[in-house]
Amino acid sequence: MGKMVGGRHYSSSSMNPITRITRSPFLLVIVSLTCFFLLFYIFTTSPSSPTKPNFLRTSNTNQPHLNPNVHYSFVDSLELFLKKWSISGSRHLPEDTVSDPETEEQQQVRKLDDLIWKTETARLYDDEQSSFFSPPVRVYVYEMPAKFTYDMLQLFQSTYKETFNLTSNGSPVHRLIEQHSIDYWLWADLIAPESERLLKSVVRVHRKEDADLFYVPFFTTISFFLLEKQHCKTLYREALKWVTDQPAWKRSEGRDHIFPIHHPWSFKSVRKFVKNAIWLLPDMDSTGNWYKPGQVSLEKDLILPYVPNLDLCDAKCLSESAPRRSTLLYFRGRLKRNAGGKIRSKLGSELGGADDVIIEEGSAGEAGKIAAQSGMRKSVFCLSPAGDTPSSARLFDAIVSGCIPVIVSDELELPFEGILDYRKMSIFVSSSDAVQPGWLLAYLRSIKPTQIKEMQYNLAKYTRHFLYSHPAQPLGPEDLVWRMMAGKLANIKLHSRRSQRLVKDSRSICMCDCKRPNVTVTVTVTTPLPP
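So, here is what we can say about the structure in this document. Remember, it's a predicted structure, so these values are computed and weren't measured experimentally.

What counts and how
Residues numbered from 1 in each chain as written. Predicted model: local features only at pLDDT ≥ 70, side-chain atom pairs only at ≥ 80, totals over all residues. Heavy atoms only, no water. Salt bridge = Lys/Arg side-chain N within 4 Å of Asp/Glu carboxyl O. Helix = DSSP H or I, 4+ residues; strand = E, 2+ residues; numbered from the N terminus. Buried < 20%, exposed > 50% of the residue type's maximum accessible area, 1.4 Å probe, protein only. Disulfide = S-S within 2.5 Å. Core = buried A, V, L, I, M, F, W, Y, C linked by side-chain atoms within 4.5 Å. Contact = heavy atoms within 4.5 Å. 1 Å grid on protein atoms, 1.4 Å probe; cavity = no way out; pocket = protein on both sides within 12 Å on 5 of 7 lines; lining within 4 Å. Points joined across faces, edges and corners; volume = space filled by probe spheres on them. Nonpolar A, V, L, I, M, F, W, Y, C, P; charged D, E, K, R; others polar. Phe/Tyr/Trp six-rings, centres within 6.5 Å; stacked < 30°, edge-to-face > 60°. Lys NZ or Arg CZ within 6 Å of the ring centre and 35° of its normal. Arc of directions from axis to C-beta.

Quick look at the pattern of salt bridges now. Counted under the stated rule, the structure contains 22 salt bridges. For the salt bridge of E143 with R204, the shortest nitrogen-to-oxygen distance reads 3.8 Å. Remark: R204 occurs in strand β4 (residues 202-205) and E143 occurs in the loop between β3 (137-141) and α5 (150-159); sequence separation between them is 61 residues. A residue is classified by how much of its surface remains accessible, and E143, at 64% relative accessible area, is exposed. Among the salt bridges present, the one from E361 reaches R334, with a minimum N-O distance of 3.9 Å. You can see E361 sitting in strand β10 (residues 357-361) and its partner R334 sitting in the loop between β9 (327-333) and α12 (343-351), a full 27 residues away along the chain. Its relative accessible area of 43% is what places E361 among the partly exposed residues. Overlapping salt bridges bring together R138, D212 and K493 as one network.

Moving on to the state of the cysteines. Counted by the stated rule, this structure contains 2 disulfides. Each sulfur of the disulfide joining C313 and C317 lies 1.9 Å from the other. Between C313 and C317, the S-S dihedral sits near -95 degrees, and the bridge is therefore left-handed. For the pair formed by C313 and C317, the shared burial category is buried. Note on cysteine connectivity: C382 is disulfide-linked to C403, with sulfurs 2.1 Å apart. In this structure, the disulfide formed by C382 and C403 twists by about 105 degrees around the S-S bond and is classed as right-handed. With C382 in strand β11 (residues 379-385) and C403 in the loop between α14 (394-400) and β12 (404-408), the pair connects residues that are 21 residues apart, well separated along the chain. In terms of burial, C382 and C403 fall into one category: buried. Along the protein chain, the cysteines engaged in disulfide bonds are linked according to the scheme 1-2, 3-4 when indexed in sequence order.

Time to look at the nonpolar core. F81, F259, L329, F381 and W482 are the most contacted members of the largest nonpolar core, which has 123 residues in total. In terms of residue count, helix α18 (residues 477-501) provides more of this core than any other element does, 8 residues in total. Look past the residues within four positions of F259 in its chain and what remains in contact with it is V216, V243, W249, F267, V274, A277, I278, W279 and L280. Residues L310, A372, C382 and C403 belong to the second largest nonpolar core, which totals 7 residues.

Glancing now at the environment of F218. Tracing the sequence through the fold places F218 in the loop between β5 (213-215) and α8 (220-226). Assessed through its relative accessible area of 1%, F218 is described here as buried. For the pair formed by F218 and P260, sequence separation is 42 residues and the distance between their alpha carbons is 7.5 Å. If sequence neighbours within four positions are ignored, F218 has contacts with M144, F148, D183, S223, L235, Y236, A239, P260 and F267.

Let's shift gears to the side chain of S384. As for its placement among the helices and strands, S384 is situated in strand β11. Aside from chain neighbours lying at most four places away, what touches S384 is L395, V406, I407 and V408.

Of the voids in this model, the largest cavity is the one considered here, and its volume is about 80 Å³. What lines the largest cavity is a set of 15 residues, and nearest its centre among them are P390, S391, S392, L395 and L412. Broken down by class, the residue content of the lining of the largest cavity amounts to 10 nonpolar, 4 polar and 1 charged. Forming the boundary of the second largest cavity are 10 residues, of which E120, T121, L124, I419 and Y462 lie nearest the centre. Broken down by element, the lining of the second largest cavity gets its largest block of residues, 5 residues, from helix α4 (residues 104-126).

In this section: the packing of aromatic side chains. Summed over the entire model, instances satisfying the criterion amount to 27 aromatic pairs. Summarising the aromatic geometry, the rings of F74 and F156 are spaced 5.0 Å apart at their centres and angled 65 degrees between planes, so their arrangement reads as edge-to-face. F156 shares its class with F74; the two are buried. Between Y236 and F267, the aromatic rings sit 5.1 Å apart at their centres with planes inclined by 75 degrees, giving edge-to-face as the arrangement. On the criterion of sequence distance, the pair formed by Y236 in helix α9 (residues 229-244) and F267 in the loop between β6 (257-260) and β7 (278-281) is long-range, its members being 31 residues apart. For Y236, a relative accessible area of 2% corresponds to the buried category. Among the residues examined, F267 registers a relative accessible area of 0% and is labelled buried. If you follow K300 out to its NZ or CZ, it ends over the ring of W279, 4.9 Å from the centre.

Between H470 and the following residue, P471, the backbone shows a cis peptide bond with an omega angle of 5 degrees. Here P471 shows up in the loop between α17 (449-462) and α18. Of note, F267 is a non-glycine position whose phi angle comes to about 60 degrees, a positive value. You will see that F416, though not glycine, has its phi angle at about 55 degrees, which is positive.

All buried positions along α12 are accounted for by I343, R344, L347, G348 and L351. In an axial view of α12, the angular spread of the buried residues amounts to 135 degrees, which keeps them on one side of the axis. When the buried face of α12 is taken as reference, the exposed residues oriented beyond 90 degrees from it are K346 and S349. G353 lies just past α12 and shows a positive phi near 90 degrees.

The values are spatial; any link to function lies outside them.
In structure tokens:
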């Protein structure tokens, strides 16, 4: 039947169902009530006490012990590797030593900083098999000619037992190469069979189109120290041409390519041609002595730790050595250095002869290693001043020895600082404070035993982050490299894509080098420290 509405005639069969509902007050009320109860149910039935995420659970990770099935020696690991793969700033005063009471604002900042550190630490150690960042970094490893890779490793292996060559500063050449052997440890892990690998932060891909990053396995440090000068330069140029001829390099101008350049002298003659690439470095000297302005930056490059010279003082060793640590401050090394290392001679003059302090000249030979290992294991604090560069292997020797580093290097950049908080297990002192008569020793003696014990505990926990090994271990330095790289990926892709669409010779240049050198921020003490 039809129906008159507003002077018009409609048939009941042609009316829209929604129109019929809205014309019925009863049905409209029913629909409204139903919607109301559904919304009420949704917003009032969420769990009142959600499960705490896994990363907030407290970690019970024990101190690291050396695994008998893992190779920590570069030489031993290299020997097995070649058999298998043969070619057929700022100083932070401890809370209980600050003379002036903290303001309420300072207390809030300190408490927040401690809470953030505890949360991040729990997250890091809660599940060491997982990555801080997900998904894993996808890396394409170039298969370079053997003269750049296997031949270099075999050259090292065939000469390290027979040679007694020394560098200009008296360090054994092969020991120096071992200190900077990060190129070997990373490459050995990347090319190992997937069934033998333990890291979840990185995966090797075999198609270039699948890669986030491209790894260049050229052993720049071995070639620098073991080849004749002109031969080395020729090899550098050949390696440069080989890499820069690759389509992937041309696509991004090298911005997604990783170069291990861990010794400040290595690859120096051709560095300017690869300045867009990601460099794996020991530090970022900003004086211009080692790296030219614009070549290195924290934005694109990564700091890696030296391979420690000394053996690990594990949990048992730390427990046994604790009551024997009678020396307050220890240093053994060369006191005459260039650039920022000139601070060493000043510290030697200031600290020499003081009670419970040992400052002695020494080199990195076998006898020097034995003396340094014994001295560090008998000391509470180990002095780690700048050398010819801001960094020094001595810092990592102190860490694996359970000796709290006292860092006097105003321009030092540290490995994996986006993950690790060095303030929890090191003392940072500005150069200007360190050379004041009596200041440094008074400061160290004012630190209470509870603070020292806490830092020693953190040292033991952090040690695993500086032990290179094969197979590479979760939370070892190889693992942290890729966790840090994962945080750089978006920016790497940004600059790569941006470079592809910019008009050639345009003035739209993005500079990412640091404009000012990093300096240690000092804490002003308005009242004198105790005598």
